[in-house]
Amino acid sequence: MVPRVRTYVPGLDEILFGGVPERSVVLLSGGPGTGKSILGKQFLFNGLKRDEPGIFVALEEHPVAVRRSFRHFGWDVSQYEKEGKFAIVDAFTGGVGAAAQRERYVVKQVDDVHELSDVLRQAIKEIGARRVVVDSVSTLYLTKPAVARSTIMLLKRVLAGLGCTAFFVSQVSVGERGFGGPGVEHAVDGIIRLDLDEVDGKLYRSIIVWKMRDTKHSMLRHPMEIKDTGVEIFWDKYIRISGTSVKVEQLSKEEVEAMRRAVEEAERQTSQARQRKVEIEVEEE
Ligand SMILES: Nc1ncnc2c1ncn2[C@@H]1O[C@H](COP(=O)(O)OP(=O)(O)OP(=O)(O)O)[C@@H](O)[C@H]1O
């Protein structure tokens, strides 16, 4: 089994048969309000709780708003920031404003992807980041689609070279079938698509893993909810949405059992790796 990074987002590791393959760059793609940012933040915070440092690259929101939205779900990153285990790369303010001047990692030219990758590299090295979320990569090439692929490849090289596993938030329009453009879709290792569908005056959330290199994954669309505690995926159910009807069905016992076993195996590997890390740290002291 390839080494996995467990997301610990309820249900996500199950549909990925254990978690995201280590060092993958995964596109979190979807329309407005589908839960991409929340899922990304949850992935980071779940890592922080387990001693895996993380970085949030803020391209869409002021760092102050980013911290507030973490807190909205009870994910207080301030202590981790003080301990040097979490950092925000501010690629939003350009360093303008009093609050921005207090930020440690600031990209001065927000449309300069080379400066962004330099600041990101420095932040990853300094805090020893294992997980990175870029929210959103679409901002980097919205007005210049010709550079989308090279932008993704540049970030991918930085992240994979430093051993990080990353979620790239990718914005698509309501009703758009793609995930962020051909250059982007083929360059990334995985694509997870989040959806909101209106049927009969009600919105339904769902999630589907479209691709994930180096692992098998669920090929079904699963129902999803956002709660005060974050995203929850109903991994043992799938959802069939047509223009006028919504049906939620139970997966077979065999499918459920296979996913459960894969997650148990991934957890075993993860705790062994943690144990080895502790032993190495003790030896070094
Ligand atoms: N406490 C909560 N309980 C339930 N749903 C919530 C809660 N907080 C936020 N939401 C839902 O999450 C949505 C926002 O999710 P998120 O910010 O992750 O969207 P997004 O996919 O990143 O969208 P965009 O591309 O527009 O930024 C809100 O529109 C709302 O429906």
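Not measured: the values here are computed from a predicted model.

**Considering the overall build of the chain**
At step 1: Of regular secondary structure, the chain possesses 10 helices and 14 strands.
At step 2: Scaling as 2.2 N^0.38, a compact globule of 285 residues should have a C-alpha radius of gyration of about 19 Å, and the chain matches this with 19 Å.
At step 3: Along the longest, intermediate and shortest principal axes, the C-alpha atoms of the chain span 50 × 50 × 35 Å.
At step 4: Out of the 285 residues belonging to the chain, those deemed buried represent 45%.
At step 5: Relative to all contacts within the chain whose residues are 6 or more apart in sequence, the contacts with residues 24 or more apart total 67%.

**Side note on the UniProt feature "domain: KaiC" (unreviewed entry) in the chain**
At step 1: Feature annotation in UniProt places "domain: KaiC" (unreviewed entry) on residues 3–247, given in this structure's numbering.
At step 2: Helix makes up 31% of residues 3–247 and strand 29%, whereas the separation of the span's terminal C-alpha atoms amounts to 35 Å.

**Some points on the nonpolar core**
At step 1: Within the largest apolar cluster, 78 residues are counted, with the highest numbers of intra-cluster contacts made by Ile55, Val57, Val89, Ala123, Val132, Ala166 and Phe168.
At step 2: At seven residues, the largest contribution of residues to this core is made by helix α6 (residues 113–127).
At step 3: Beyond its immediate stretch of four places on either side in the chain, Val57 contacts Val89, Ala91, Leu120, Val132, Val133, Val134 and Asp135.

**Section: the site of the ligand**
At step 1: Taken together, Gly30, Pro32, Gly33, Thr34, Gly35, Lys36, Ser37, Ile38, Gln171, Ile226, Lys227 and Asp228 make up the full set of residues adjacent to the ligand.
At step 2: Listing elements by their share of the shell around the ligand, those giving two or more residues are α2 (36–49) and β11 (222–227).
At step 3: Sort the elements by how many residues they give to the shell around the ligand and α2 lands first, with three residues.
At step 4: A breakdown of the residues in the shell around the ligand according to their chemical character gives three nonpolar, six polar and three charged.

**Some thoughts on the sheet that holds strand β10 (residues 202–212)**
Paired through backbone hydrogen bonds, the strands of a sheet run either parallel or antiparallel to each other.
At step 1: Judged by pairing direction, the sheet is mixed, and its 10 strands sit side by side in the order β6-β5-β4-β7-β8-β3-β9-β10-β11-β12 without closing on themselves. Each edge of the sheet is formed by a strand with only one pairing partner; in this case those strands are β6 (105–106) and β12 (230–233).
At step 2: Pairing between strand β9 (residues 190–199) and β10: 10 bridges, direction antiparallel. From the neighbouring strand, Asp195 faces β10, where its bridge partner is Ser206.
At step 3: Packed on one face of the sheet, α2 meets β3 (25–30), β4 (54–58), β5 (86–90), β7 (131–135), β8 (165–171), β9, β11 and β12 and runs near 160° to β7.
At step 4: The sheet contacts of α6 involve β4, β5, β6 and β7, and relative to β5 the element is tilted by about 170°.

**Notes on α6**
At step 1: For α6, with 15 residues, the first-to-last C-alpha span of 21 Å sits near the 21 Å given by 1.5 Å per residue.
At step 2: In this fold, the buried residues of α6 make contact with β4, β5, β6, β7, α7 (138–141) and α8 (148–161).
At step 3: At the C-terminal side of α6, Gly128 shows a positive phi close to 65°.

**Some words on the pairing of β9**
At step 1: Where β3 meets β9, five bridges bridge the pair, whose relative direction is parallel. Bridge pairing in β9 links Ser29 to Arg193.
At step 2: Between β9 and β10, which pair antiparallel and follow one another directly, the connecting turn spans two residues, one of which, Asp200, has a positive phi of 55°.

**Some words on the confidence of the model for the chain**
At step 1: Residues at a pLDDT of 70 or more form 100% of the chain, whose mean pLDDT is 95.
At step 2: Interface predicted TM-score (ipTM) for the complex: 0.99; the corresponding pTM is 0.96.

**Comments concerning the environment of Pro53**
At step 1: Here Pro53 lies in the loop between α2 and β4.
At step 2: Counting along the chain gives 30 residues from Pro53 to Glu83, while the straight-line C-alpha distance between them is 10.0 Å.

**Overview of the packing of α6 against α8**
At step 1: Contact geometry of α6 with α8 gives a least axis separation of 10 Å together with a crossing angle of 15°. Taken together, the axes of α6 and α8 lie roughly parallel to each other. Pair α6 / α8 crosses with right-handed handedness. Along the contact surface, α6 presents Val113, Ser117, Leu120 and Arg121, while α8 presents Thr151, Leu154, Leu155 and Val158.

Cut-off values and rules
- Residues numbered from 1 in each chain as written.
- Predicted model: local features only at pLDDT ≥ 70, side-chain atom pairs only at ≥ 80, totals over all residues.
- Helix = DSSP H or I, 4+ residues; strand = E, 2+ residues; numbered from the N terminus.
- Rg over C-alpha atoms; globule rule 2.2 N^0.38 Å.
- Buried ≥ 20, exposed ≤ 12 C-beta atoms within 10 Å, placed from the backbone.
- Contact = placed C-beta atoms within 7 Å.
- UniProt positions renumbered as here; feature names shortened; annotations may be inferred.
- Core = buried A, V, L, I, M, F, W, Y, C linked by C-beta atoms within 7 Å.
- Near = placed C-beta within 6 Å.
- Nonpolar A, V, L, I, M, F, W, Y, C, P; charged D, E, K, R; others polar.
- Pairing = 2+ DSSP bridges.
- Axes fitted to C-alpha atoms, helices over the stretch in contact; angles between N-to-C directions.
- Expected span 1.5 Å × (residues − 1).
- pLDDT = per-residue confidence, 0-100.
- Parallel < 35°, antiparallel > 145°, perpendicular 65-115°, else oblique.
- Left-handed = near helix turned anticlockwise from the far one by under 90°.

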